[in-house]
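Residue-level listing of the chains:
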Amino acid sequence: DDFEQETPGLEWNFIQVPKKDAPFYSFEDGTFRLMVSEKQIGERGTPAFMGRRLQHLDFKATTELVFDPTNEHEQAGMTLVNNGQHFDVLVKNAGDKRVVFVELQFGKITYKSKEFVLEPGPVNLRVSGQKTSFTFSFSQEEKYVDIETVDSRFLSTETVGWFTGVYVGLYATSKGEASEGYAEYDYFEYAGK
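These figures come from a predicted structure and were not determined experimentally. (Residues numbered from 1 in each chain as written. Predicted model: local features only at pLDDT ≥ 70, side-chain atom pairs only at ≥ 80, totals over all residues. Heavy atoms only, no water.)

Enquirer: I would appreciate a short explanation of the nonpolar core in the present structure.
Expert: One recurring pattern in soluble globular proteins is that nonpolar side chains are buried together. Membership of the largest hydrophobic core comes to 42 residues, with the highest contact counts inside it found for L80 and F136. Of all the elements, strand β14 (residues 182–192) adds the most residues to this core, at 4 residues. Core analysis: the second largest hydrophobic core is formed by 7 residues, I41, L90, F101 and Y167 among them. (Core = buried A, V, L, I, M, F, W, Y, C linked by side-chain atoms within 4.5 Å. Buried < 20%, exposed > 50% of the residue type's maximum accessible area, 1.4 Å probe, protein only. Helix = DSSP H or I, 4+ residues; strand = E, 2+ residues; numbered from the N terminus.)

See the structure below:
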């Protein structure tokens with residue numbers, strides 16, 4: 001998806017129905033803009049998320065993110081989600097540096113990976129599936145760097161409860177703090193085999 005349209009295609013879904021009078025997204029000049037929301041996935045309400053259902057055990061989902069957070073609460077990136085549980089690859093500020101990291105939220109347990117310092121400018125994010133695992137990666141050059149690999153059964157329907165299956169998508173949150181920030185995505189590509 002190169003985001004040249006004015007509305008999401010039929011493959012895209014939200015968590016809850018976005019409010020028409022206060023949308024958290026827009027399409028502008030070939031980019032998808034996602035407003036940073038106080039809501040997080042798994043909370044009541046509508047988080048700033050747009051995703052598509054995984055259709056393959058082996059897949060790659062990639063995007064280019066332009067995001068300059070103004071405080072340490074603002075985070076944006078990509079996520080895998082099923083029934084409120086989510087595994088994210090996110091960009092945020094850590095002191096005076098912009099970093100990328102993986103956060104795995106499963107019930108009341110949260111795991112955060114090592115942080116990788118980013119150079120100024122866009123960052124490419126990738127989530128890939130290899131039958132029994134998910135790998136989260138980033139790149140600001142041609143080569144991707146793997147941040148974390150996790151067992152895919154932790155997001156399976158059998159583990160988290162019968163729901164709609166796993167989604168991969170775009171996500172921005174300020175973790176309960178007010179924010180006027182936004183993240184811009186240049187494209188989203190999903191390929192499966």
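Once the structure has been displayed, the description carries forward.
Enquirer: Sorry, what's going on with the packing of aromatic side chains here?
Expert: We describe a pair of aromatic rings using the distance from one ring centre to the other and the angle between the two ring planes. The final tally for this structure, using the stated rule, is 14 aromatic pairs. With centroids separated by 6.3 Å and ring planes inclined at 40 degrees, the aromatic side chains of F3 and W12 adopt a geometry described as tilted. When sorted by exposure, F3 lands in the same class as W12, which is buried. Ring centres of F27 and F32 lie 5.3 Å apart, and the angle between their planes is 55 degrees; on these two criteria the pair is classed as tilted. Judged by its relative accessible area of 14%, F27 falls in the buried class. Each residue in the set F3, W12, F14, F24, Y25, F27, F32, Y185 and F188 is aromatic and connected to the rest through ring pairs, giving one cluster. Its guanidinium or amino end placed over the ring of Y190, R52 lies 4.0 Å from that ring's centre, counting from NZ or CZ. (Phe/Tyr/Trp six-rings, centres within 6.5 Å; stacked < 30°, edge-to-face > 60°. Lys NZ or Arg CZ within 6 Å of the ring centre and 35° of its normal.)

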